[in-house]
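One-letter residues, chain by chain:
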Amino acid sequence: MKVALKIWRSVAGGERTLRDYEVDAPEWATLLDVLDIVKDTVDGTLAYRKSCRMMICGSCGMRMDGAAVLACKTRMYDIAAAGHVPVISPMGNLPVIRDLVVDMEPFWAKFRAVDPYLRDEGAAPEQEHRISQERMNAVHKESLCINCGCCVSECNAWESSPEFLGPQALAKAMRFVGDPRDGATRARLEKLNGEHGIWECTRCYFCTERCPKGVDPRDAIAKLGAESVAQGIDRDMGAKHAKWFVTSARTTGWLRETELVPRTQGVVESIRQVRFALELRKHGKVPPPFPPHVAKDVRQSELLHELVTLQGRVGYAGIVQGERALERHAIGVEDGARDPYGPGSFPRPFVAADPEAGEAPS
Amino acid sequence: MKTVAYYKGCLASLSAKELDTSTQALAPKVGLDLIELESVTCCGAGDIHEAEPDYYLHLNARILAAAADTGVDTLMTVCNVCTLNLRQANWQLLNDGALRERVNRNLEAVGVPPYERDVDVRHLLWEVAEGDGWERLRLAAHKGLKGLRVAPFYGCQILRPSKVLGFEDPDRPTSLERIIEACGGEAVDYPAKIKCCGFPIIQAREDTALGELVQPIEQAVDAGADVMVTPCPLCHLSLDAWQSKLRALTGRDYRLPVLHLAQLIGVAAGLPESELQFRRHVVAVEPALEKVRFEV
């Protein structure tokens, strides 16, 4: 089959140009296979990373039509058959070295910052560690990460604040926080509660959407937040913000909106916001806290809180992993919810209706 | 007419009352009969999920149970964050019998009816972007927005994660554009329309949030938008109320009016100001609408 691509070519610091390529490729070809054919038969100077060709090494992250993908996981048949010419560009949020190769150093720096290895802080164990399947389930998907960078490429918080630890490092951190063999859980959580840690995540869910391995980094970050709160590590404004929602739901049912700012930021910082708040108040954006807006039958939500607190499913253990739900999708049971990669799923990132679509790397 | 259980969430009850009044006024024009849920609480906005996840699950199960109890099949939301929180809990409960049984036992223990009959959670946007709602919208929007240039802003939690939301292509959504055009407006395209507005961290990490917020505002203004429309009251709050803080960041005074989805359709459908309540917006809306004030 004929496969056409547009590829953003560049040398660091130089101008970017969008070049057209068309090659013959076998029907089973992936994007990576097509790039190999381009390099072998059209232009040997095309630069991209690759190694395993089977979604394990994590080398070939790049963007297709503006969305991060693993080139070796992306089949070209449907795209070529629809006559679509995808635009291939390097991953976002990382400096471009050449063509589709980005400098991964900022990525590895965050990775190293979370101590991505087991820390056994106590005496050497007398026998091998024995861990229940249930305990390992809590970090199963986090263990699947192949460090490809597709999540970091799309992270909206990292884009705005490049010091943010980012989805990959945080998911990796959860993999060790949730590992019963690790002896440094508290120290890890203290560190992850820093300025550019857990609470800088903006919940855009791009990481979860793009991850080619199902790690769901946003879920891992929520688990770290829940575990921090459960262990009383809750000084961060993000943790206080989250806890105020619990207090609100328990006491009035609805969010006690106007009190949220002082509860999150503290009194001193809130006073600095007074002028801003007064401006909003003119437009009814600062509803008076008294009398509170109380939900009907709010006693039920208070009792529910007491009950689930007694049952003690706190921290990351309280977050439903959806194993059963995922299992049902894996074996093809359609139940209204969608499997992102199964039959009937969106042909992401390929959209045949818009052949001119494409995005320049930022 | 389609009868739905209406979950308005926190903001539409408080700082974004204009969203509630415009939704209630618009509903009959697009074929929706709303049963407002009373014994419900906040969905947790992702925050309770991150602080006390088991409580999050139970609060949302209670909301789903209340909707099921009304006898309808659809729980309608008007907020992205409510939509994701409720759909996520629903997805877990519908697919995991043991989990549902445990949660239902707890609900019953505190006197809440268990969540037994399944309901689907759908945003107002989805109700008017397809089927009967779409047909009625096209008729109702006869007053037209006549060439008003409208920037659609989707926000995150109505698109991603698509396995939980799944209404449309999360990378190239079209529902808002179709609605804008059905109302006679012109949809303005810009890259940040599917990105984050920064709201979830606007209190805890304001600088990072503003770095996100500036993108849709600046891109929409530079693309020539007269107004922006969003299906999410949290996005609305940051886009409208925090917009003034971008001045310090960029030196530009954007003054881009931001409308709730129900207001935009409401303008096209000729709803009165008493329902639209534009006076509750921080960035004035009226000047931009002058150019489409129709001869009634």
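Residues numbered from 1 in each chain as written. Chains lettered and ligands numbered in written order. Predicted model: local features only at pLDDT ≥ 70, side-chain atom pairs only at ≥ 80, totals over all residues.

Draft legend 1. Inspection of the overall build of chain B at higher detail. Helix and strand counts for chain B come out as 14 helices and eight strands. Taking 2.2 N^0.38 as the reference for a compact globule, 296 residues should give roughly 19 Å; the C-alpha atoms of chain B span a radius of gyration of 19 Å, in line with that estimate. Along the longest, intermediate and shortest principal axes, the C-alpha atoms of chain B span 55 × 45 × 35 Å. In chain B, once contacts between residues fewer than 6 apart in sequence are set aside, the share between residues at least 24 apart is 80%. (Helix = DSSP H or I, 4+ residues; strand = E, 2+ residues; numbered from the N terminus. Rg over C-alpha atoms; globule rule 2.2 N^0.38 Å. Contact = placed C-beta atoms within 7 Å.)

Draft legend 2. Broad picture of the overall build of chain A. Counting secondary structure elements, chain A contains 15 helices and seven strands. Across the 362 residues of chain A, 44% fall into the buried class. If you take every contact in chain A between residues at least 6 apart in sequence, the share linking residues at least 24 apart comes to 68%. (Buried ≥ 20, exposed ≤ 12 C-beta atoms within 10 Å, placed from the backbone.)

Draft legend 3. Expanded view of helix α12 (residues 261-268) of chain B. Residue and element names in this part refer to chain B. Summarising burial for α12: eight of the eight residues are buried, a large majority. Within the span of α12, buried status applies to Leu261, Ala262, Gln263, Leu264, Ile265, Gly266, Val267 and Ala268. Gly270, located one to two residues past α12, shows a positive phi value of around 80°.

Draft legend 4. Region of interest: the domain arrangement of chain B. All names here are of chain B. Domain annotation of chain B identifies domain 1 (2-123) and domain 2 (143-292). The C-alpha centroid of domain 2 is placed 24 Å from the C-alpha centroid of domain 1. Listed as interface residues are 24 residues of domain 1 and, on the opposing side, 25 residues of domain 2. Counting residues per element, the ones that place at least two in the side of domain 1 that touches domain 2 are α1 (17-26) and α4 (80-95). Looking at which element gives the most residues to the side of domain 1 that touches domain 2, the answer is α1, with eight residues. Considered class by class, the residues forming the side of domain 1 that touches domain 2 number eleven nonpolar, nine polar and four charged. (Domains from an automatic or database assignment. Nonpolar A, V, L, I, M, F, W, Y, C, P; charged D, E, K, R; others polar.)

Draft legend 5. Layout of the sheet that holds strand β1 (residues 2-9) of chain A. All names here are of chain A. Strand order in the open sheet formed by five strands is β2-β1-β5-β3-β4, and the pairing between neighbours is mixed. In the strand order of this sheet, the two ends are held by β2 (17-24) and β4 (67-70), each with one partner. In this sheet, neighbouring strand axes are inclined to one another by 35° on average, regardless of whether the strands run parallel or antiparallel. Here helix α1 (residues 31-41) sits on the sheet in contact with β1, β2 and β3 (61-64), set at roughly 95° to β2. (Pairing = 2+ DSSP bridges. Axes fitted to C-alpha atoms, helices over the stretch in contact; angles between N-to-C directions.)

Draft legend 6. Quick peek at the nonpolar core. In terms of nonpolar packing, the biggest core is built from 200 residues, with Leu170(A), Phe245(A), Leu64(B), Val150(B), Met228(B), Val229(B) and Ile265(B) touching the most fellow members. Filtering out sequence-adjacent residues up to four positions away, Met228(B) remains in contact with Ala151(B), Phe153(B), Ala220(B), Leu239(B), Leu256(B) and Val258(B). (Core = buried A, V, L, I, M, F, W, Y, C linked by C-beta atoms within 7 Å.)

Draft legend 7. Broad picture of the sheet that holds strand β2 (residues 32-36) of chain B. Residue and element names in this part refer to chain B. Strand order in the open sheet made by the four strands is β2-β1-β3-β4, with parallel pairing throughout. Here the strands that pair on one side only, and so sit at the sheet edges, are β2 and β4 (120-123). Averaged over all pairs of adjacent strands, the angle between their axes in this sheet comes to 40°, without regard to strand direction. Looking at chain direction, strand β1 (residues 2-7) and strand β3 (residues 74-77) are connected through three bridges and run parallel. For Tyr7, the partnering residue across the bridge sits in β3 and is Thr77.

Draft legend 8. Structural context of the interface of chain A and chain B. Contact residues are listed per partner, giving 70 residues for chain A and 66 residues for chain B. Listing elements by their share of the side of chain A that touches chain B, those giving two or more residues are α6 (156-160), α9 (206-210), α10 (217-230), α11 (237-251), α12 (257-272), α14 (298-311) and α15 (323-330) of chain A. For the side of chain A that touches chain B, the element with the highest residue contribution is α11(A), accounting for nine residues.

Draft legend 9. Seen up close, the environment of Phe167(B). Residue and element names in this part refer to chain B. Relative to the helices and strands, Phe167 is located in the loop between β5 (149-152) and α8 (175-182). Here Phe167 falls in the partly exposed class, since 18 other C-beta atoms lie within 10 Å of it. Sequence separation between Phe167 and Glu286 is 119 residues; the distance between their C-alpha atoms is 32 Å.

Draft legend 10. View of the packing of α10(A) against α11(A). All names here are of chain A. Where α10 contacts α11, the axes come no closer than 11 Å and their chain directions differ by 80°. Taken together, the axis directions place α10 and α11 in an arrangement best described as roughly perpendicular. Counting all contacts with α10, which are made through Gly225, Ser228 and Val229, the residues of α11 involved are Ala239, Ala242 and Lys243. A per-class count over the contact of α10 with α11 returns three nonpolar, two polar and one charged. (Parallel < 35°, antiparallel > 145°, perpendicular 65-115°, else oblique.)

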